[in-house]
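Structure at a glance
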Amino acid sequence: MTPPSSDAQAPLVGILMGSDSDFDIMKEAAAVFDEFGIPFEISVISAHRTPGDLEAYASSAEERGLKSIIAGAGGAAHLPGVTAAMTPLPVIGVPIYSKKLSGQDSLYAIVQMPAGIPVATVGIDNARNAALLAVQMLAIGDAGLMEKLKAFRLRLAEASRQKTTKIREKLRANG
Ligand SMILES: Nc1c(C(=O)O)ncn1[C@@H]1O[C@H](COP(=O)(O)O)[C@@H](O)[C@H]1O
């Protein structure tokens, strides 16, 4: 059985994905944690292909100091739900786009959890939002991180306002 793969000392968040084919999407979550200076670990573990590894990972996550887990999977996306079943930590699921059913299979598999074992579910392929939600959870108990989040929101708002300026300029340029 493969032990959990840590790439940071004392990681606070775990990023899981069902296969390396999910990496192009899930690396967006890693980018957010880098942006906010949050230590994380990232692993490929599958509820279907490596169920024993998932049990070892999820059942030890809390005592290893993780505060939440982000799990991305496509198709019969059981990874987030099974992870949530084996840890009391909050689990955020990322439905990965699948060609056959356009990611709707992934979304429905993740979002429709039975009462008692929730998985917070973001939009299809929206690993960035999953990570931002994890940052918001961490910020509840970390004043410095909360300030970073507020500054991030201010930058986001400013970028949005700039869009008004841009479309008005475009209109003027088009006569
Ligand atoms: N949904 C799951 C699980 C799981 O839920 O345990 N394990 C792998 N997968 C998904 O299978 C898709 C295709 O995987 P491959 O590219 O390896 O064939 C991926 O999107 C992965 O998340």
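As the structure is a computational prediction, the values presented were derived from the model and not from experiment.

Before going further, it helps to spend a moment on the site of the ligand. Of all residues adjacent to the ligand, which total 17 residues, the nearest are Gly 18, Ser 19, Ser 21, Ala 47 and Gly 74. Class assignment for the residues of the shell around the ligand results in seven nonpolar, eight polar and two charged.

Attention shifts here to the UniProt feature "binding site: substrate" (unreviewed entry) in the chain. With numbering aligned to this structure, UniProt lists the feature "binding site: substrate" (unreviewed entry) at Ser 19, Asp 22 and Arg 49. Within the fold, Ser 19 resides in the loop between strand S1 (13-17) and helix H1 (23-36). Taking the C-beta count within 10 Å as the criterion, Ser 19 has 17 such neighbours and is therefore assigned partly exposed. When residues no more than four places from it in sequence are discounted, the contact partners of Ser 19 are Val 44 and Ser 46. Here Asp 22 shows up in the loop between S1 and H1. Once you skip the residues sitting within four places of it in the chain, Asp 22 turns out to touch Met 17, Gly 72, Ala 73, Gly 74 and Ile 96.

Attention now moves to the environment of Ala 151. Relative to the assigned elements, Ala 151 resides in helix H6 (residues 143-173). When the 10 C-beta atoms within 10 Å are taken as the criterion, Ala 151 is described as exposed. Between the C-alpha atom of Ala 151 and that of Ile 92, which follows or precedes it by 59 residues, the distance is 24 Å.

A separate point is the confidence of the model for the chain. Residue-level pLDDT values for the chain average 95, and 96% of them are 70 or greater. Counting interchain partners and residues more than four positions distant, the pLDDT-below-50 stretch residues 1-6 has 13 contacts.

Another aspect to go through is the UniProt feature "domain: PurE" (unreviewed entry) in the chain. The residues that UniProt annotates with the feature "domain: PurE" (unreviewed entry) are residues 11-160. Strand forms 17% of residues 11-160 and helix 47%; the C-alpha atoms that close the span are 32 Å apart.

The subject of this paragraph is the domain arrangement of the chain. Domains assigned within the chain are domain 1 (13-140) and domain 2 (143-174). Computed over C-alpha atoms only, the centres of domain 1 and domain 2 are separated by 29 Å. Taken residue by residue, the interface counts five residues in domain 1 and four residues in domain 2. It is helix H5 (residues 127-139) that contributes the most residues to the side of domain 1 that touches domain 2, four residues altogether. Tallied by class, residues from the side of domain 1 that touches domain 2 come to four nonpolar, one polar and no charged.

The rules we used
Residues numbered from 1 in each chain as written. Predicted model: local features only at pLDDT ≥ 70, side-chain atom pairs only at ≥ 80, totals over all residues. Near = placed C-beta within 6 Å. Nonpolar A, V, L, I, M, F, W, Y, C, P; charged D, E, K, R; others polar. UniProt positions renumbered as here; feature names shortened; annotations may be inferred. Helix = DSSP H or I, 4+ residues; strand = E, 2+ residues; numbered from the N terminus. Buried ≥ 20, exposed ≤ 12 C-beta atoms within 10 Å, placed from the backbone. Contact = placed C-beta atoms within 7 Å. pLDDT = per-residue confidence, 0-100. Domains from an automatic or database assignment.

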